[in-house]
Amino acid sequence: MGPEDASPPREVGRGRPIGEDGPVSATIHARGLAAGHGDRVLFSGLDLVVAPGDVVGLVGPNGAGKSTLLRLLAGVRRPGAGEVVVSPADARLGFLTQEPDARPGERIRDALARRTGVTDATAAMDAAAQALGDPGAGDAENDTYAATLEAWLALGGADLDERMEAVADDLGLDVDLDRPVASLSGGQAARVGLAALLLSRYDAYLLDEPTNDLDIAGLARLEEFVLGLDAPVVLVSHDREFLSRTATSVVEIDRSLQQVTVYGGGYDAYLEERSIRRRHAREAYEDYAQRRSELEVRARMQRAWMDKGTKNAVRKAKGRGREADKNIRAHAKATSEKQAAKARQTDRMIERLDVVEEPRKEWVLQFSIASAPRSGDVVAVTRGAVARRGGFTLGPIDVELRYGDRVAVTGPNGAGKSTLLALLLGRITPDGGTVTPGSRVVVGEVDQARAAFEGEATLGRRFADEVSDWPDADVRTLLAKFGLKSDHVNRAADSLSPGERTRAALALLQARGVNLLVLDEPTNHLDLPAIEQLEEALDAFDGTILLVTHDRRMLDSVRLTRRWHVEDGAVTEIDAD
């Protein structure tokens, strides 16, 4: 990549002239945009217009540059080439990042004020008020204060505290808003992020994985919010159903080709058109390759005939008279020149062919889940089991998990799904009732925290500890199959992205033989191709499955035999269909 543009990043969440106190009709223009890391190009030549009412879904494998593109559009990163123009220039952009960004000790209400832009608007207004109070303040200071006041009002600063309480109650976020964000569970933190969106009043939205950790109700609220906006929206999401319901167009970043393609018509139309485009691209290349091969074979044959004809003429001329020899040589020369002309003509036909580059294949996760010898018929049984965590009580529960069951565990965040898994796996001791494990049960688990790959030890070391009988070379080979190359293997596990830790956890499933597969939100941070491959692996697995997911398409795609719904401390079996 060349040096990044020297212009300063655009300020996010600024105000506007007096009198404009609501959302404006903002438009985002990207022209010839390029980005990369060091010498590695992510994409180039991107032209994109996002107008009011547009919802653009960014798709592509992890590491392709989706989050980078959002940062470019937000103005918090400079492009390697091209430009981003927002009209009007003072439009307020809401950029909500993928990773939790709470400050140390930050309270919920402070996080909401910051993420809605009100914190910065308040600081700007206070600074303008102080300048206005200085001796000698004039019209310029008065105009600045009025503009910052209008911006603060437009962002909803005047009634934010009241709206916070109402939105938190509506989302079921029944915690004190003065509580530190760091003390929240994953589900509660996700609802805080959703609350920030619902409270915001930006002119355009740039959303990085807004669906992560949201339950079905939260996803419905998010969809309602996005569909109700009359503002440009650009979002990254691996939730296929959410993309299908919200996106009006799709931008695909192809990492192997280092190019960006814009598809109109929504996510489902994108899937169909992408399939057609890829098939046509492959067919065009195969037609070109076949035609070129045929011409090259013809040219070689023509030259071979030319050489063969000359040699035959020389052989026949031996032992004949001078006149006969002369005639044979003349005929051979004419024949040779004729074949040479045909060969040159064929060469020109090859040169005139329109070159079609072979479509490069993107890295695709391909794996299976190794099966251990089957367990006993009963995998786990609970009888009147009760688990208490703080003020929350799950149970009493009476369930029986049998070998070959494929169970989806659903329910809102905080309902006790992870607690139920911990009970069944013997991770926690019931406060009442009994939990009886089955015989010969070998558990393979991908939990929400991907806890096996945390800490300062390298990924290679952590993985080797989990499969202590594996040679180092085999560990590296397996991790490479999951897109985790030498630079990942030698890094501290803590430095890996959530998606990389998830792939490492999936690699463990392939390394070990298991007969009970426990997946707690496995699709979080996985890209779309990896999710599809995981679904195929689950379909082929012949053991017992416990699947906790809010991914609606996964629930429709994976073959299930039972469904347990967890809510209000109770577990209810419902129709798996």
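Throughout what follows, the structure given in this document is the object of discussion. All figures in this text were calculated on a predicted structure; none of them were measured in a lab. (Residues numbered from 1 in each chain as written. Predicted model: local features only at pLDDT ≥ 70, side-chain atom pairs only at ≥ 80, totals over all residues. Heavy atoms only, no water.)

**Considerations on the overall build of the protein chain**
Each helix and strand in the protein chain was counted, giving 17 helices and 18 strands. Across the 577 residues of the protein chain, 47% fall into the buried class. A separation of at least 24 residues holds for 73% of the contacts in the protein chain among residues at least 6 apart in sequence. Within the structure as shown, the protein chain displays about 27,300 Å² of accessible surface, and the carbon and sulfur contribution to it stands at 48%. (Helix = DSSP H or I, 4+ residues; strand = E, 2+ residues; numbered from the N terminus. Buried < 20%, exposed > 50% of the residue type's maximum accessible area, 1.4 Å probe, protein only. Contact = heavy atoms within 4.5 Å. Areas by Shrake-Rupley, 256 points an atom, 1.4 Å probe, with all protein chains shown as cover.)

**Some remarks on the sheet that holds strand β11 (residues 392–402)**
Read across the open sheet, the three strands follow the order β11-β10-β13; overall the sheet is antiparallel. Lying at the two open borders of the sheet, with one neighbouring strand each, are β11 and β13 (432–437). For this sheet the average axis-to-axis angle between neighbouring strands, irrespective of direction, equals 15 degrees. Strand direction decides the pairing type here: strand β10 (residues 378–389) and β11, joined by eight bridges, are antiparallel. Across the sheet, the residue bridging to Ala 387 is Leu 394, located in β11. (Pairing = 2+ DSSP bridges. Axes fitted to C-alpha atoms, helices over the stretch in contact; angles between N-to-C directions.)

**Description of the environment of Arg 245**
With respect to the helices, strands and loops of the structure, Arg 245 is situated in helix α8 (residues 240–246). For Arg 245, a relative accessible area of 44% translates into the label partly exposed. Among residues more than four places away in sequence, those in contact with Arg 245 are Glu 223, Leu 227 and Arg 552. There is a polar contact of 3.5 Å between the side chain of Arg 245 and the side chain of Glu 223. (Polar contact = N/O pair within 3.5 Å; in protein donor to acceptor, adjacent residues only side chain to side chain.)

**Some points on the pattern of salt bridges**
Pairs can form between side chains of opposite charge whenever their charged atoms are close. The tally for this structure, following the rule as stated, stands at 31 salt bridges. When the shortest N-O distance is used, the salt bridge between Asp 161 and Arg 109 registers 3.8 Å. You can see Asp 161 sitting in helix α5 (residues 160–170) and its partner Arg 109 sitting in helix α2 (residues 108–115), a full 52 residues away along the chain. Note on Asp 161: relative accessible area 46%, which makes it partly exposed. The salt bridge partner of Asp 268 is Arg 553, with a shortest N-O separation of 3.2 Å. Linking Asp 268 in helix α9 (residues 267–317) with Arg 553 in helix α17 (residues 552–557), this pair joins segments that are 285 residues apart in sequence. For Asp 268, a relative accessible area of 39% puts it in the partly exposed group. Counted as one network, the salt bridges with shared partners bring together Glu 223, Asp 239, Glu 241, Arg 245, Asp 268, Arg 552 and Arg 553. (Salt bridge = Lys/Arg side-chain N within 4 Å of Asp/Glu carboxyl O.)

**Considerations on the sheet that holds strand β15 (residues 516–520)**
Here we have six strands laid out as an open sheet, ordered β14-β15-β16-β12-β17-β18, and mixed in their pairing. At either end of the open sheet lies a strand with only one pairing partner, and these are β14 (443–446) and β18 (570–574). Each strand axis lies, on average, 15 degrees off the axis of its neighbour in the sheet, ignoring direction. Bridge analysis of β15 against strand β16 (residues 544–548) gives five bridges, and the strand direction is parallel. Pairing of Val 518 across the sheet is with Leu 546, part of β16.

**A closer look at the packing of aromatic side chains**
For any two aromatic rings, the description comes down to two numbers: the centre-to-centre distance and the angle of the planes. Inspection of the entire model under this criterion finds five aromatic pairs. For the ring pair Tyr 263 and Tyr 270, a centre distance of 5.0 Å and an interplane angle of 75 degrees mean the geometry is edge-to-face. Judged by its relative accessible area of 2%, Tyr 270 is buried. Aromatic side chains Tyr 267 and Tyr 270 sit 5.7 Å apart centroid to centroid with 40 degrees between the ring planes, which places their arrangement in the tilted category. (Phe/Tyr/Trp six-rings, centres within 6.5 Å; stacked < 30°, edge-to-face > 60°.)

**Looking at unusual backbone geometry**
Between Ser 87 and the following residue, Pro 88, the backbone shows a cis peptide bond with an omega angle of -5 degrees. Here Pro 88 lies in the loop between β4 (81–87) and β5 (93–96). Following Gly 395, the chain continues to Pro 396 via a peptide bond in cis, the omega torsion being 5 degrees. Turning to its location among the elements, Pro 396 is positioned in strand β11. In this structure, Arg 440 takes a positive phi of about 55 degrees despite not being glycine. Structurally, Arg 440 can be placed in the loop between β13 and β14. The phi dihedral of Asp 568 is positive, around 55 degrees, even though this residue is not glycine.

**Re the nonpolar core**
Here is a general trend for soluble globular proteins: nonpolar side chains tend to be buried in one another's company. Residues Tyr 205, Phe 463, Leu 517 and Leu 538 are the most contacted members of the largest nonpolar core, which totals 87 residues. Looking at which element gives the most residues to this core, the answer is helix α6 (residues 186–199), with eight residues. Look past the residues within four positions of Phe 463 in its chain and what remains in contact with it is Phe 453, Val 475, Leu 478, Leu 479, Ala 504, Ala 507, Leu 508 and Ala 511. Counting residues in hydrophobic clusters, the runner-up holds 29 residues, among them Ala 30, Leu 58, Ala 64 and Leu 72. (Core = buried A, V, L, I, M, F, W, Y, C linked by side-chain atoms within 4.5 Å.)

**A look at helix α4 (residues 139–154)**
Spanning 16 residues, α4 covers 22 Å between terminal C-alpha atoms, matching the ideal 22 Å at 1.5 Å per step. Looking at α4, one finds that the buried residues are Ala 146, Thr 148, Glu 150, Ala 151, Trp 152 and Ala 154. Contacts made by the buried residues of α4 are with α3 (118–133). Positive phi appears at Gly 156, one or two residues downstream of α4, with a value of about 90 degrees. (Expected span 1.5 Å × (residues − 1).)

The quantities given are spatial measurements derived from coordinates; they are silent on function.
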